[in-house]
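Take a look at the letters that make up each chain.
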Amino acid sequence: MLYLVRHAKAGSRRSWNGEDRLRPLSRAGRRQAEALATQLAALGVKSLISSPYQRCIETLLPTAHAIGAAVSTAKCLGEGRSFVEVLELMASLPDGAVLCSHGDVIPDTIAALERRGCELTSPPDWRKATVWVLDRDADGEILTASVWPPPGVSQ
């Protein structure tokens, strides 16, 4: 099983004056990240790989603290990247890995998995802080994908 997370809520692009890669989570996003950590840690996740963007790293930090692991980064999970590299990364990871990426990369990756025969077992949900659960066979092929809605955190 792999888990593909869309980063939690971040501050507005328009109101952020710095480099977009450095834009952090909003207060609501930090609460979402804490809620995700509770869900993911309970599953026994083992490794955490994030887009190099700050908001993705911050989404996984509470989980890292909960499981006593570090968050590593992979450029292929960054905005504007190709699903091809994401699929290659996923194929190299052990079960229990969590990946965090963006709202452009995740839909492309899920669509590519569908084209390769993966069955979606829940309606797609592209909102921030959703978690795609990717079930693999013994050979590592992703057979099914379902998505958890964002944690129920008030604004």
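Just above, that's the structure.
Residues numbered from 1 in each chain as written. Predicted model: local features only at pLDDT ≥ 70, side-chain atom pairs only at ≥ 80, totals over all residues. Heavy atoms only, no water.

Participant: An account of the environment of E34 is needed here, citing residue identities and associated values.
Facilitator: Its place among the elements puts E34 in helix α1 (residues 27-42). Between the C-alpha atom of E34 and that of A66, which follows or precedes it by 32 residues, the distance is 9.6 Å. (Helix = DSSP H or I, 4+ residues; strand = E, 2+ residues; numbered from the N terminus.)

Participant: Could you give an account of the sheet that holds strand β3 (residues 71-73), with specific residues and numbers?
Facilitator: Spatially, the seven strands line up as an open sheet ordered β3-β2-β4-β1-β6-β7-β5, and their pairing is mixed. Edge positions in the sheet fall to β3 and β5 (119-120), since each of these pairs with one other strand and no more. Looking at chain direction, strand β1 (residues 2-6) and strand β4 (residues 97-101) are connected through five bridges and run parallel. If you follow V5 over to β4, its bridge partner there is C100. Docked against the sheet, α1 engages β1, β4, β6 (131-136) and β7 (142-148), running at close to 175 degrees with respect to β1. (Pairing = 2+ DSSP bridges. Contact = heavy atoms within 4.5 Å. Axes fitted to C-alpha atoms, helices over the stretch in contact; angles between N-to-C directions.)

Participant: Describe helix α4 (residues 105-115), naming the residues involved and giving the relevant values.
Facilitator: Here α4 has its buried residues at V105, I106, T109, I110, A112 and L113. Seen from one end, α4 has its buried residues packed into an arc of 160 degrees, which puts them on one side. In this fold, the buried residues of α4 make contact with β1, α3 (83-92), β4, β5, β6 and β7. After α4 finishes, the residue G117 shows a positive phi value of roughly 105 degrees. (Buried < 20%, exposed > 50% of the residue type's maximum accessible area, 1.4 Å probe, protein only. Arc of directions from axis to C-beta.)

Participant: Go over the layout of surface pockets, please, and point to the residues and values.
Facilitator: Approximately 180 Å³ is the volume attributed to the largest pocket. Ranked by the residues each element gives to the lining of the largest pocket, the list is headed by α3, at three residues. Of the residues that constitute the lining of the largest pocket, the class distribution is six nonpolar, one polar and three charged. (1 Å grid on protein atoms, 1.4 Å probe; cavity = no way out; pocket = protein on both sides within 12 Å on 5 of 7 lines; lining within 4 Å. Points joined across faces, edges and corners; volume = space filled by probe spheres on them. Nonpolar A, V, L, I, M, F, W, Y, C, P; charged D, E, K, R; others polar.)

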